[in-house]
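If you want the building blocks of each chain, they are given just below.
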Amino acid sequence: KIFVGGLPWTTTHLSLKAAFEKYGPVSDSVIVKERATGKSRGFGFVTFAALSAVDLVMRDNQQNLVSVDGSIVEAKRAVPRGTAPASGSSGDHTRKIFVGGLPQQCSKDEFRKYFEQFGTVVDSQIMLDRETGKPRGFGFIVFDSDRTVDQIIGNRHVICGEPVSTTQLHYLFSIIIHSSLQPKNIFDAIKLRQLLLGEPLTLLKGRSEACTPHCRICAR
């Protein structure tokens, strides 16, 4: 079973399956969708009948040769639920949630306490501006269970009186991959990368990369 990120928004489970059948018989293909809208979240999973097919996909992935519906995508070996991934592996991201749109007055204790009602919190962090030390409006929560993450994603959450957005970290990575292939979204891709890496927002071609209304990254 493999994780496929950076899928075109128009990709269906049938076209996903067709794209990977050249590597070997595909027993299942799934596009992960938003619960509220039913729209694609830009990633999915493909299950092969033989492990040898996965090895072939990983070989092509190293050379950026894996494509779906005309777009280059990223493929990774899927980590089974309930399996504890090694620290720093891609599987860590499935239990790590990006929380955007946090109000400035929200403290790290309030942030953590809100999510503890859903399950055991392994780690929590509100990102701060390097120069001012003030909150940057987003943070990260890590849980010890995939089931807890499933309960949170796609539902409405209000922290310190303000609605926030919640997204699995590996989904954000798929946005980076997908956006980088679309010139009109390159600013979003670069801004998202800067936010995740804790880099200062920059000016690109005279355009400010500060948050704008309806920012899909910070929910503002």
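Residues numbered from 1 in each chain as written. Predicted model: local features only at pLDDT ≥ 70, side-chain atom pairs only at ≥ 80, totals over all residues. Heavy atoms only, no water.

(A) Region of the structure containing the packing of aromatic side chains. Under the defined criterion, the tally for this structure stands at 13 aromatic pairs. For the ring pair Phe-3 and Phe-43, a centre distance of 5.5 Å and an interplane angle of 40° mean the geometry is tilted. Remark: Phe-43 occurs in strand β3 (residues 40-48) and Phe-3 occurs in strand β1 (residues 2-5); sequence separation between them is 40 residues. You'll find Phe-3 and Phe-43 in the same group, each marked buried. An angle of 70° between the planes, with centres 6.4 Å apart, marks the rings of Phe-20 and Phe-48 as edge-to-face. With Phe-20 in helix α1 (residues 13-20) and Phe-48 in strand β3, this residue pair connects regions lying 28 residues apart in the sequence. With respect to class, Phe-20 is no different from Phe-48; both count as buried. In textbook terms, an aromatic cluster arises when at least three aromatic residues are bridged by ring pairs, as seen for Phe-111, Tyr-114, Phe-115, Phe-118 and Phe-143. Against the face of Phe-45 rests Lys-1, its NZ or CZ located 5.1 Å from the ring centre. (Phe/Tyr/Trp six-rings, centres within 6.5 Å; stacked < 30°, edge-to-face > 60°. Helix = DSSP H or I, 4+ residues; strand = E, 2+ residues; numbered from the N terminus. Buried < 20%, exposed > 50% of the residue type's maximum accessible area, 1.4 Å probe, protein only. Lys NZ or Arg CZ within 6 Å of the ring centre and 35° of its normal.)

(B) Representation of the sheet that holds strand β2 (residues 26-33) within the structure. The strand order across the open sheet built from 4 strands is β2-β3-β1-β6, with neighbouring strands paired in antiparallel fashion. Across the chains shown, the open sheet's two edge strands, defined by having one partner strand only, are β2 and β6 (74-77). Strand-to-strand twist in this sheet, taken as the mean axis angle between neighbours without regard to direction, amounts to 20°. Pairing of β1 with β6 involves 4 bridges; the strand directions are antiparallel. From the neighbouring strand, Ile-2 faces β6, where its bridge partner is Arg-77. Here α1 sits on the sheet and contacts β1, β2 and β3; the angle it forms with β2, its principal contact strand, is near 135°. Its contacts with the sheet put helix α2 (residues 51-62) on β1, β3 and β6, and the angle it makes with β6 is roughly 140°. (Pairing = 2+ DSSP bridges. Axes fitted to C-alpha atoms, helices over the stretch in contact; angles between N-to-C directions. Contact = heavy atoms within 4.5 Å.)

Taken by themselves, the reported measurements are silent on function.
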